[in-house]
Each structure stands twice: as C-alpha cells, then as structure tokens.
Amino acid sequence: MKSKITIVGVPMDLGQRNPGVNMGPNAMRYAGVSEYLEGLGYKVTDYNDIEIGKAEYLEDPKINLRNLKAVADASETLGEKVDSIVKSGEFPLILGGDHSVAIGSLAGIAKNYKKLGVIWYDAHGDLNTPETSPSGNIHGMPLAASLGIGHPALTNVLNYSPKVKPENIVIIGARDLDAGERELIKARGIKVYTMHEIDRLGMTRVIEETIEYLKDRTDGVHLSLDLDGLDPADAPGVGTPVIGGISYRESHLAMEMLAEADIITSADFVEVNPILDERNRTAVVAVKLMGSLFGEKLL
Ligand SMILES: NC(=[NH2+])NCCC[C@H](N)C(=O)O
C-alpha cells in the first residue's frame, strides 16, 4: 500500500433522488477519517470537495438520464483530480456522494493502468443504461459507463473508453439486479458473487477467489464500496437499502483480507446519507472499514 493517501470529497447527489447524500464526505470527515488513517501511520491530505453543479431544471424528457450534464461535468473534474493524485504516487481515496462518482474516479484511475481491476462491493450491479434503467438515476449506471456502455457523456469522460474490461471486474454483494443488468452480466461474463454465493461459500472464500482471480490479470485494483452492500441493519444511512446484505463483520473480514493481499490501489466509499442515518453510524462504519482496508489489525 502507498504511504500517502489523498482524500477527495465528492458531494454529489445528482445521480439519484434523495437529498442528503451530498453530505456524505463531511459525515465521514466528522467520523474522523483523516485522523483515523493518520493513526495507522499514513500521511493523509484532504483535498476537500470538488465542485458539483446544480440539478437541471430543464430536463430532456427523451433521454432517461437525470442531471446528465452536471454529472458528466463533475465526472470530468473528478477524473482530472484523481489522475493527478495517482500520478503523484498517492493513494486516491474518494468520498461520495452517490455512486455516480465512480464514473469520474475510474476515469482518472484507469488512465494510469493497462488492465485495471475493479471490485464493486454493492447490493446493486450499477450496470444500467438509459435503455434499461428503471429510474433514470445515473448512480445505477456507473459500472456500465466504465465498460463503455451508455451515453457518450458518461462513457467518454477524459476522452477515452472503456475504462475497464468486463473480465477484470468482480461484483460482491449483489441482491437487487434489474433485468437488463442480468443480461449484461451474462453477455459480458462479469464475475459476480451474489448474496447467495456469499452465504454458501462464506466471505473468506469469496475474497480468496477474488484475489486469486484479479491478481495476475490486473496491474491495479480499484475498490468501489457502496455502503448499501452492507445490510441496512449495519449501515442504515443509504438511499437504496436492500435487506439481506453483507454483515459488518464480513465486510471487515473482506477489507482485512484485501489489506493482507495488498492489491488495492485506489478506493471510493459512497452513498453515505446522513439524513437517512442514525447518529452518523453509517459514516463511522465506512471509516472503520477504511481502517481495515489500510491495514488496521485487531491485535
Ligand atoms: N449505487 C446505487 N445505490 N445504485 C442503485 C441503483 C438502483 C436501480 N438498479 C437503478 O438503476 O435505479
């Protein structure tokens, strides 16, 4: 793991409809993210928040993409920032914001790798396109966009596409996949550990297999962790909760094993919504998971 971490806050809430997720970065700051990681021996710089535009008051009803322009603009800004962080040899830690922020993070990160791997830790696949999306919410589309599937304003951030290849992706925690997403997963051969596999195999084996799968085929691995991957009992402050999720402890185990294998080169933690939370619990969970990801030991 790199010894310097640069935090970028992305107060993005335009990729979905719940107000409050724009406060996610500050919720994690309030939970002490910088101090916590500094306590583990890292040099942490908080770049503060990138600028997010306004929700669109004039939407094009013909395209099923809410706030397309503002999300695309923010993705460009974030992409450039993240690219420069990677180039200066630091670990980019992106704090969301809704999951549409991953479009920008992946744009900036993937520029620096030939075969970037992605672990998508999430209840959802986020593999929708304007054609398949039941909601028009862009936070349900970032993984598809990064594969080069969807609207050009989202697939071509930083002027290249795709950012990742389907065979370099592992989705962990899926339990709410739309019909179009299931088709895409099958058609592109994306590796998915649904809750069913996690229950059957146990998290230990899921992560062992994930590491084994990604280790040789990739030259860097981005972890995109949506707090709704966890069970809402452990992470209630999210906009699209789905029951039957990954437990708090299983998630720590996953982070601990990833730390031990030392394969993660960048990360985003997204969808923390303090309005929907209970006394900032979900942000605290996020920060603790980061601790394990960055090597905190129980003993
Ligand atoms: N990152 C998220 N929380 N995504 C939720 C997506 C929900 C649903 N599949 C949609 O596309 O609208």
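Throughout this description, residue numbers start from 1 for each chain and increase along the sequence as written. At least 70 in pLDDT is required for a residue's local features to be given in this predicted model, at least 80 for side-chain atom pairs to be given and counted, and no such filter applies to totals for whole chains, interfaces and linings, which use all residues.

What follows concerns the overall build of the chain. Helix and strand content of the chain: eleven helices and eight strands. With the radius of gyration taken over C-alpha atoms, the globule rule is written as 2.2 Å times the number of residues to the power 0.38. Over its C-alpha atoms the chain spans a radius of gyration of 17 Å, differing by no more than 12% from the 19 Å that the globule rule assigns to 299 residues. Overall, the chain is about 55 × 40 × 40 Å in size when its C-alpha atoms are taken along their principal axes. Each residue is classified by how many other C-beta atoms fall within 10 Å of its C-beta atom, where C-beta atoms are placed from the backbone; a count of 20 or more means buried, 12 or fewer means exposed, and values in between mean partly exposed. Looking at the 299 residues of the chain, the share that counts as buried comes to 56%. Think of it this way: build a C-beta for each residue from its backbone, and any pair within 7 Å is a contact. Counting contacts in the chain only where the partners sit at least 6 residues apart, residues at least 24 apart contribute 75% of the total. Only DSSP runs of H or I with at least four residues qualify as helices, and only runs of E with at least two residues qualify as strands; both kinds are numbered from the N terminus onward.

Moving on, we get to helix H11 (residues 281-293). Look at H11: 18 Å from first C-alpha to last across 13 residues, which is about the 18 Å you get at 1.5 Å a residue. Buried within H11 are the following residues: Thr282, Ala283, Val284, Val285, Ala286, Val287, Leu289, Met290, Gly291, Ser292 and Leu293. Contacts made by the buried residues of H11 are with helix H1 (24-30), helix H2 (33-39), strand S7 (220-226), helix H10 (248-261) and strand S8 (264-270). Following H11 by one or two positions, Gly295 adopts a phi angle in the positive range, close to 100°. To estimate how far a helix should reach, multiply one less than its number of residues by 1.5 Å.

With that settled, the discussion passes to the pairing of S7. Of all seven residues in S7, seven are buried, a share of seventy percent or more. Side chains of S7 alternate between two faces, with Gly220, His222, Ser224 and Asp226 and Val221, Leu223 and Leu225 buried alike. In this structure, strand S4 (residues 116-121) lies alongside S7, joined through six bridges in parallel fashion. Bridge assignment links Trp120 to a residue of S7, and that residue is Ser224. For two strands to be treated as a pair, DSSP must find at least two bridges joining them. Relative to S8, S7 runs parallel, the two sharing six bridges. Within the sheet, the bridge partner assigned to Val221 lies in S8 and is Ile264. With strands facing away from the observer, any crossover in which the path from the first strand over the helix to the second runs clockwise is taken as right-handed. Read from S7 through H10 to S8, the crossover connection turns out right-handed.

Buried residues dominate S4, accounting for six of its six residues. Alignment of S4 against strand S5 (residues 169-174), held across four bridges, turns out to be parallel. Directly across from Tyr121, in S5, lies its bridge partner Ile172.

All right, on to helix H9 (residues 203-215) then. Here H9 is 13 residues long and its end C-alpha atoms lie 18 Å apart, about the 18 Å a rise of 1.5 Å per residue gives. Inspection of H9 places Met203, Val206, Ile207, Thr210 and Leu214 among the buried residues, and these make up the whole buried set. Down the axis of H9, the buried side of the element spans an arc of 90°, and every buried residue falls inside it. In H9, the exposed positions angled more than 90 degrees off the buried face are occupied by Thr204, Glu212 and Lys215. Those residues of H9 that are buried lie in contact with S4, S5, strand S6 (191-194), helix H8 (195-201), S7 and H10. Arc, as used here, means the arc of the directions from the helix axis to the C-beta atoms.

The quantities given are spatial measurements derived from coordinates; they are silent on function.
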